Amino acid sequence: MNAVWIVLPILTLLMFELGLTLEIKDFKLFRQRPYPVFAGLIGQIILLPILAFALGYLFHLEPLFFIGLILIACSPGGSSSNIFSMIAKGDVALSVSLTALSSIITLFTIPVIMEFATQIAGDNSGITIHLPVGSLIIQNLLLMLLPIAIGVLTKRFCPKTAERTHKVLSKVAFPALILLATVFFIQHHETIAAQIGRLGLCITLMILLAMGGGYLISRSMKLNRKEQRTLIIEIGMQNAAQSIAIASSPFIFNNDIIAIPAIIYALMMNIILLVYVGIVKRK
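An account of the accompanying structure is given in this report. Each chain carries its own residue numbering, running from 1 in the written order of its sequence. Only residues with pLDDT of 70 or above have their local features reported here, since the model is predicted, and side-chain atom pairs are shown and tallied only from 80 upward, although totals for entire chains, interfaces and linings are computed over all residues. Only hydrogens and water are set aside when side-chain values are computed; all heavy atoms of the structure are taken into account.

**Digging into the overall build of the protein**
Then step 1. Looking only at helices and strands, the protein features 12 helices and zero strands.
Then step 2. Only DSSP runs of H or I reaching four residues or more are called helices, and only runs of E reaching two or more are called strands; each is numbered from the N terminus. When the helices and strands of the protein are placed in sequence order, the string is α-α-α-α-α-α-α-α-α-α-α-α.
Then step 3. For the protein, the C-alpha radius of gyration of 18 Å lies close to 19 Å, the compact-globule estimate for 283 residues.
Then step 4. Overall, the C-alpha framework of the protein stretches about 50 × 40 × 30 Å when taken along its three principal axes.
Then step 5. Three labels apply to residues, based on accessible area from a 1.4 Å probe with only protein chains included: buried if under 20% of the type maximum, exposed if over 50%, partly exposed otherwise in between. By the burial criterion, 55% of the 283 residues in the protein qualify as buried.
Then step 6. Any two residues whose heavy atoms approach within 4.5 Å are treated as being in contact. Sequence separation of at least 24 residues holds for 85% of the intrachain contacts in the protein that already meet a minimum separation of 6.
Then step 7. Accessible surface computed for the protein: about 12,700 Å², of which carbon and sulfur atoms make up 69%.
Then step 8. Positive charges are assigned to Lys and Arg, negative charges to Asp and Glu, while His and the chain termini are left out of the count. Each charge is placed at NZ for Lys, CZ for Arg, CG for Asp and CD for Glu. With 20 positive and 12 negative side-chain charges, the protein shows a spacing of 16 Å between the two charge centroids. Just to be clear, the radius of gyration here is over C-alpha atoms, and the globule rule we use is 2.2 Å times residues to the power 0.38. Shrake-Rupley sampling with a 1.4 Å probe provides the accessible areas, and residues are treated as covered by the protein chains on show and by no other component.

**Some words on the pattern of salt bridges**
Then step 1. The working definition used for a salt bridge is a side-chain nitrogen of Lys or Arg within 4 Å of a carboxyl oxygen of Asp or Glu. Inspection of the entire model under this criterion finds three salt bridges.
Then step 2. Between Asp91 and Arg33 there is a salt bridge; the shortest N-O distance is 2.3 Å. Here Asp91 is found in the loop between helix H5 (81-87) and helix H6 (92-125), whereas its partner Arg33 is found in the loop between helix H2 (29-32) and helix H3 (34-58), with 58 residues between them in sequence.
Then step 3. The class of Asp91 is buried, set by a relative accessible area of 12%.
Then step 4. The partly exposed category is assigned to Arg33, whose relative accessible area is 23%.
Then step 5. Residue Lys167 is joined to Glu163 by a salt bridge in which the shortest nitrogen-to-oxygen separation is 3.9 Å. Taken together, the residues span about one helical turn, with Lys167 and Glu163 both in helix H8 (residues 159-187) at a distance of four residues.
Then step 6. Since its relative accessible area comes to 49%, Lys167 is described here as partly exposed.
Then step 7. Given a relative accessible area of 47%, Glu163 falls into the partly exposed group.

**Examining the packing of H3 against helix H10 (residues 225-236)**
Then step 1. Every axis in this analysis is a line fitted to C-alpha atoms, fitted for helices over the stretch in contact. Angles between the N-to-C directions lie between 0 and 180 degrees. The geometry of H3 relative to H10 is characterised by a closest axis approach of 10 Å and an angle of 25° between their N-to-C directions. Classified by the interaxial angle, the pair formed by H3 and H10 is roughly parallel. Considering the relative orientation of H3 and H10, their crossing is right-handed. Judged by residue contacts, Pro36, Ala39, Gly40, Gly43, Gln44 and Leu48 of H3 engage Glu227, Leu231, Glu234 and Ile235 from H10. The labels follow the angle: roughly parallel below 35 degrees, roughly antiparallel above 145, roughly perpendicular from 65 to 115, and oblique for the rest. Handedness of a helix crossing follows the sense of rotation of the near helix relative to the far helix, less than a right angle counterclockwise being left-handed and clockwise being right-handed.

**Some details on the side chain of Ser81**
Then step 1. Mapped onto the elements of the fold, Ser81 is located in helix H5.
Then step 2. The class of Ser81 is buried, set by a relative accessible area of 0%.
Then step 3. A polar atom in the side chain of Ser81 sits 2.6 Å from the side chain of Glu234.
Then step 4. Setting aside residues no more than four positions away along its own chain, Ser81 makes contact with Ser95, Thr99, Ile233, Glu234 and Met237. Residues adjacent in sequence count toward polar contacts only when both atoms are side-chain atoms; beyond that, a polar contact is any pair of N or O atoms within 3.5 Å, and within protein one must be able to donate a hydrogen and the other to accept it.

**A closer look at the state of the cysteines**
Then step 1. Pairs of cysteine sulfur atoms within 2.5 Å are what we label disulfides. Overall, the coordinates contain zero disulfides when judged by the stated rule.
Then step 2. Cys74 forms no disulfide, and the closest cysteine sulfur to it belongs to Cys202, at a distance of 15 Å.
Then step 3. The exposure class of Cys74 is buried, given its relative accessible area of 2%.

Structure representation (structure tokens):
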């Protein structure tokens, strides 16, 4: 089974479901509360790619894994972060706004960062790694922006339909991700087993440093406790499904090996954030 035919529909489904939870005001929160939104975007758009580049060099990752790590870091926030923020008694409105804004902003930053990453990986390995920027932009517009926009418009003009659809999709989204991860594990279990030590440690360290960076950024801007918790979660949780879609898409990298870091990331991210939420919700 070619996993891409599972990845692309799942990503589209997740983005549409995200759109059903958004309102126009979610994109305008920056005007009302600029500091927490600015802090979150700094962590997601700037801090995470820097961490990924540094850790990729530190762990001497193979070129395809290096590209996969950078791809995770420059992806937008994951839609599940809104649920984690709610459970952790964080600022859910801020979480939703950051997820919405990062999903739009990364449409423009991913091509730039990934073009740079593929050049570095190619120069260091002596092999040519081609990134079709045009195809990447078109796929992101079709699978990210369009489903989100349709979801937002559905909620705006057909609120009852949107509510019913959201109830169904919210129950389907997580099992769909589990199915996706299972297919990749089955297809690439030997490679994953061989690389889980160094690559797993690298990815785990990136998640922990990202969460720590979220804490430091929020503290430096003197944000309240709910905003701090939200930033820690938002900066620590990226959209692994999008990373997998870009890596395995026949129109872009068409390489499942590049998707392996995102599979490991999805597993470790959920474990670490579940532990974090379990700790802070008691406070």
